[in-house]
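Coordinate analysis (summary)
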Amino acid sequence: MTAASVARRKPMSENPDMGHPSGFSGDKKSNGAVSLPRMLVRSLKFRRARSLSALAALTVSAMVATALLTLYADLDAKLHREFRSFGANVVATASGAVALDEGMLRQVQGVVGADVTVAPIAYAVATTDRGTSVVVAGVDFAAMQKLDSWWKVDAWPAGTNDALLGQRAAGFIANEREVTLSYAGKAVTLHGAGRLSTGGDEDSRIYVPMAAFTAWTGVQPTVLEMQVPGGAERVNAAIAALQRAMPGLHVEPVRALVAGESRIVDRTHSLMYGAMLLIALTVAISVLATLSASVLERRRDFALMKALGASQGQLIGHFLLEALVIAAAGGVLGYVLGSGVAWAIGEWNFGTATLPRVSLLPVVLALNLAIAAAAALFPARVLRGLQPAALLKGE
Amino acid sequence: MKMVSEAQRQHAEAMLEHAMPVIQLVGVSREYASRSGVVRALDDASFTIGAGEWVAITGPSGSGKSTLVNLLGCLDTPTSGKLTIDGEEVHAMSGSELDRFRADKIGFVFQQFHLIPYLSALENVMLAQYFHSMTNADDARRALERVGLGARADHLPSELSGGEQQRVCIARALINDPPILLADEPTGNLDAANQKIVAGILRELHAAGSTIVMVTHDPEMAALAQRKIALSHGKVFCHPVQHVVVKLAQ
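Residues numbered from 1 in each chain as written. Chains lettered and ligands numbered in written order. Predicted model: local features only at pLDDT ≥ 70, side-chain atom pairs only at ≥ 80, totals over all residues. Heavy atoms only, no water.

**Thoughts on the overall build of chain A**
Secondary structure summary: chain A contains 12 helices and 10 strands in total. Looking at chain A as a whole, 45% of its 395 residues qualify as buried. Of all intrachain contacts in chain A linking residues separated by at least 6 positions in sequence, the fraction that spans at least 24 positions is 80%. For chain A, the accessible area works out to roughly 18,400 Å², and carbon and sulfur atoms hold 61% of it. (Helix = DSSP H or I, 4+ residues; strand = E, 2+ residues; numbered from the N terminus. Buried < 20%, exposed > 50% of the residue type's maximum accessible area, 1.4 Å probe, protein only. Contact = heavy atoms within 4.5 Å. Areas by Shrake-Rupley, 256 points an atom, 1.4 Å probe, with all protein chains shown as cover.)

**Some points on helix H6 (residues 162-174) of chain B**
Taking 1.5 Å as the rise per residue, H6(B) with 13 residues should run 18 Å; its terminal C-alpha atoms sit 19 Å apart, in good agreement. Along H6(B), 12 of the 13 residues are buried, which leaves the element largely enclosed by surrounding structure. Buried residues of H6(B): B:Gly163, B:Glu164, B:Gln165, B:Gln166, B:Arg167, B:Val168, B:Cys169, B:Ile170, B:Ala171, B:Arg172, B:Ala173 and B:Leu174, and no others. Those residues of H6(B) hidden inside the fold are in contact with helix H9 (299-307) of chain A together with strand E6 (106-109), helix H4 (121-132), helix H5 (137-146), strand E7 (180-184) and helix H7 (192-207) of chain B. (Expected span 1.5 Å × (residues − 1).)

**Notes on unusual backbone geometry**
Here the phi dihedral of A:Ala184 falls at roughly 50°; this positive angle occurs in a residue that is not glycine. By secondary structure assignment, the location of A:Ala184 is in the loop between strand E6 (179-183) and strand E7 (186-197). With relative accessibility at 75%, the residue A:Ala184 sits in the exposed group. A positive phi is found at B:Cys74, a non-glycine position, where the angle reads about 60°. Tracing the sequence through the fold places B:Cys74 in the loop between helix H2 (65-72) and strand E4 (80-85).

**Here we look at the confidence of the model for chain B**
Summing up the model confidence of chain B, the mean pLDDT is 86 and the portion of residues at 70 or higher is 88%. Below a pLDDT of 50 lies the segment residues 243-250 of chain B, which in the model reaches 20 contacts outside its immediate sequence neighbourhood of four places, other chains included. (pLDDT = per-residue confidence, 0-100.)

Given below as structure tokens:
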């Protein structure tokens, strides 16, 4: 062994006479000018276009996920609210000797809950001043207004003697201001306050205040129309409760409405899940393409790191971390934008703002990180198969 | 070349023969599978390189130089035979053991420099420290000063000339004090002036005790080495000591 080589292999501390071949001491104390976060930031800045492309894709994914999940969380309430405007979803009719008087109404309200709109209706067939038969319904206008908010009414009756005339029924009357009707030989004159147009049977009816109706006809309400909020389960529960508590009532759901509501809610949920899955896949493919290009572009850098002693884990970790940092940044950005989009959609479609849900942030971040990690799997395989020797030789 | 006596030459050869081998190959072969069958890129190579020796590996394209460099650089493992570097049997090591070993024992100098484009010269040198153990900016700066680039430490590779980039590469190769400097065509991409500078640095490093294994096509660079290992069709031909006496005399 040469004297020089022996001297060189000794650590500096043991060999004060021999300088380090590169002119620096062997004393290692970290002062951290090169660190993983620093390299990461530099690398992302250096490949600005690629980084921004991946960031844009992951921001869109987070934005869509946030918007859909925010709306999804609020969707049931919003759809049920919308369905409430389509009228009653439960109808109860008195059977036998049961009378739907005030006491019975209070009992019904007690069973179904205070949030259920209950509207009693009494029917009679009267004759108009033109001698035409017409169905007259005695109603509580306040309840009807809540129950049938979708009706097209030019002016709701406000006075005790005001009547609401169905579009077709109005044609059976000579004078809408002075509506004279006869029932069982007893005549009444009402003031036509407004017209009603629904395109259904309601257009052929005349609606009068319940007090005036019963005073005129002596007929008690026979039908209760109810609007139960909260979807099919709640409707069925209310019906069951009424059937148990009041066997004298014949209670039925308005099948088409309840089933339709349930179907639409379910379909909307499926649609949202489907849209989210589709968007996640699209974003994953886009991010995969960007990350693959990024690895191929930098395979010599990675080969160099490998030659300098980086382990496979370090290389993959470095690359994965880059993808995850972009995903996290895209997640936060997308969450903010998505919350804004959800608010705007809620405002435009349902007329009420959908507030941001902070609880969604971790979900959206996790989703974005999962997409980025999945998209990084293929490029990570490229890193595993890296041939530093050939790459550094320029082959 | 300075003339030396036969006695001096024999003395120098004897010194190298007795030098502790830092690299030892015994029947090392490396085969690759190809469409046309198995290709033996390195065929039954056996030689030793002593600590502090400067060896030039020469040979035409396809002679197996790159394969040999990959094996010596622990970037690849032999198909058969025994490869011992700095007393450790490399051929039996796992991938992760090779990574660690490479960081400790080998300093690479590449023909195409291979500096990370977004890191400064200083940070590029520190990158080798980072994958080895701990970073130390003062050491890295001194390494750059040693190759005459102290004033360019904070420049990006794109702001450096080819010669300067190669000097950064040399500083990076030496920062962890590896027992072997493996230089693959270190002056292949440089002009004459920069070739001289790099050759001068290698000469200084060798004088300070570094073991240098250098692949080169350049006869002038090869002439700087003490010994040539010529390759042809995967076979190794070791040349006798050429300049060791001159070096010792210097």
